[in-house]
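# A look at the structure
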Amino acid sequence: MLPGAAVSHSNFAHIIHDITLLNHLGARIVLVHGARQQIEQELAESDLQTEIHQGKRVTDTEALACFIKAVGATRFAIEAELSTGLPNSPMHNADIQVRSGNIITAMPCGVVNGVDLQYTGKVRKVDAYGLDEMLFSGSIVLVSPIGYSATGEIFNLTYTEVATEIAVALEADKLIAFTKANGVEDDNGELQRQLTLLQCEKLLLKKETTDSHFSLKACYNACDRGVNRAQIISYTEDGALVKELFTRDGFGTMLHRDSYELIRRARIDDVGGILSLITPLEKEGILVRRSRERLEQEIEHFTVMEIDGTIVACAALYPFIQENSGELACMATHPEYRKNGRAAKLLAHIEKQASKIKMKQLFILTTQTEHWFLEQGFEASSLEILPQERLKLYNYQRNSKIFVKKLK
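Here the structure is a predicted model, which is why all the values come from computation and not from measurement. Numbering of residues starts from 1 in every chain and runs along the sequence as written. Only residues with pLDDT of at least 70 are given local features in this predicted model, and only at 80 or more are side-chain atom pairs given and counted; all residues enter the totals for whole chains, interfaces and linings. Excluding hydrogens and water, the side-chain values take into account all heavy atoms of the structure.

Turning our eyes to something else, we now look at the sheet that holds strand 9 (residues 140-143). Only when DSSP finds a minimum of two bridges between them are two strands counted as paired. In DSSP terms, a helix is any run of H or I states spanning at least four residues, a strand is any run of E spanning at least two, and both are numbered starting from the N terminus. If you walk across this open sheet you meet the three strands as 1-9-4, and the pairing is parallel. Each end of this open sheet is capped by a strand with a single partner; those strands are strand 1 (30-32) and strand 4 (98-99). Sheet analysis places strand 1 next to strand 9, joined by three bridges and oriented parallel. Across the sheet, the residue bridging to valine 32 is valine 143, located in strand 9.

Another aspect to go through is the pattern of salt bridges. We count a salt bridge whenever a side-chain nitrogen from Lys or Arg sits within 4 Å of a carboxyl oxygen from Asp or Glu. With the rule as written, the count across this model stands at 13 salt bridges. In this structure, lysine 243 and glutamate 237 form a salt bridge, with 3.4 Å as the shortest nitrogen-oxygen distance. Classification of lysine 243 as partly exposed rests on a relative accessible area of 33%. Put simply, Arg264, Asp270 and Glu306 are held in one network by salt bridges that share partners. Each residue is assigned to one of three classes by its accessible area relative to the maximum for its type, calculated with a 1.4 Å probe on protein chains only: buried under 20%, partly exposed between the two thresholds, exposed over 50%.

Moving on: helix 5 (residues 128-136). The periodicity of an α-helix, 3.6 residues per turn, causes residues three or four positions apart to be oriented the same way. Along helix 5, the residues classified as buried are Gly130, Leu131, Met134 and Leu135. Projected down its long axis, helix 5 carries its buried residues within an arc of 130 degrees, all on one side. Facing away from the buried side of helix 5, by more than 90 degrees, are the exposed residues Tyr129 and Phe136. Only heavy atoms matter for contacts: two residues are in contact if any of them lie within 4.5 Å across the pair. Residues of helix 5 that are buried in the fold lie against strand 1, strand 4, strand 8 (121-126), strand 9 and helix 6 (159-170). Positive phi appears at glycine 138, one or two residues downstream of helix 5, with a value of about 90 degrees. Along the arc lie the directions from the helix axis toward the C-beta atoms.

Before going further, it helps to spend a moment on unusual backbone geometry. Negative phi characterises most residues that are not glycine, and trans characterises most peptide bonds. At glutamate 171, a position not held by glycine, the phi torsion is positive, near 55 degrees. Of note, glutamate 171 is situated in the loop between helix 6 and strand 12 (174-179). Here the phi dihedral of cysteine 330 falls at roughly 50 degrees; this positive angle occurs in a residue that is not glycine. A residue is classified by how much of its surface remains accessible, and cysteine 330, at 4% relative accessible area, is buried.

Looking now at the pairing of strand 19 (residues 302-307). Counting buried residues in strand 19 gives six out of six residues, a clear majority hidden from the surface. Covered by surrounding structure in strand 19 are Phe302, Val304 and Glu306 together with Thr303, Met305 and Ile307, the residues of both alternating faces. Bridge analysis of strand 19 against strand 20 (residues 310-320) gives six bridges, and the strand direction is antiparallel. Counted as the bridge partner of phenylalanine 302 is alanine 316 from strand 20.

Below, the structure is given as structure tokens:
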């Protein structure tokens, strides 16, 4: 979802290069562009003024002519960039295929709160089958904010609505919205890296009329209607699109409907991810060494925290049923995700697991992390609290300290 202001920005060529790179890597891309800046310029040159009513332009016959001209010019500019193949350029011999068509069927908005919006319309139907056909041929699909009615009329549409409706119709993996700002900021001016739908609802209560606000609303609507992720990134930042898709934490602000940060039972195919977490700690002597074979045998005891498909934390719970207690072991967090409460969140999840199976207490054996466990409510204890089965395995040479926590 690309606003018209991005097309005239100096970074636009870099955005196109990133899009073509993704296309070569096999990503199926629909590019929906806006043209508000170009429309306003065309109206000014024609000495016309139009009313903006609730975020939508009132489009009369004269304004429609300006709209068609501005949208067409913007579209041609994008197609020209996508066709660039000069030697020594990132797109040399790229041979990008760009396709489009009458994908959007539109209908008039009609009279809204007493104002007739005339040729301003809304999306009635998306030709998802036609889009799929173009995408699976390897083409980039370029869609303008124009819709056609069953009677042959042309309607001015908002590009945010077009992008939302296409994302929903295609059941897209992600909607990416380019804005001037690099995401959404809170009242203190701090960038919000991720937002739930509920958090987004609170932000949308502010009645703003900026492009960023309309983009956020579009992302919210898309996620609320089935798209799992939406991302707001800056069109002024070189490489923002690539950074968003190919770095673990992404770029800008992500809005998500599913659990971006997921805590779940470990599976056998998680063994490699768990090993990558615990091996450095084993080398430092913080954790007892576990082989891949042992992990595979004990995987049912493990719980992992997953962020966007990557395991960033793990812990194991070994129950001792007769003593109504359990051992918390092999707790590890990726270095980039420490000091932000994720380990405590994983511990709370483990404690709930233990309580469900009637455990009265958790105990841990540690050599170097006693202060963290004390902060989480554990208390120093002694060998006497260990179940006999566990006591037989105690490594006196390692001399681990023992801490226990009563469960509610």
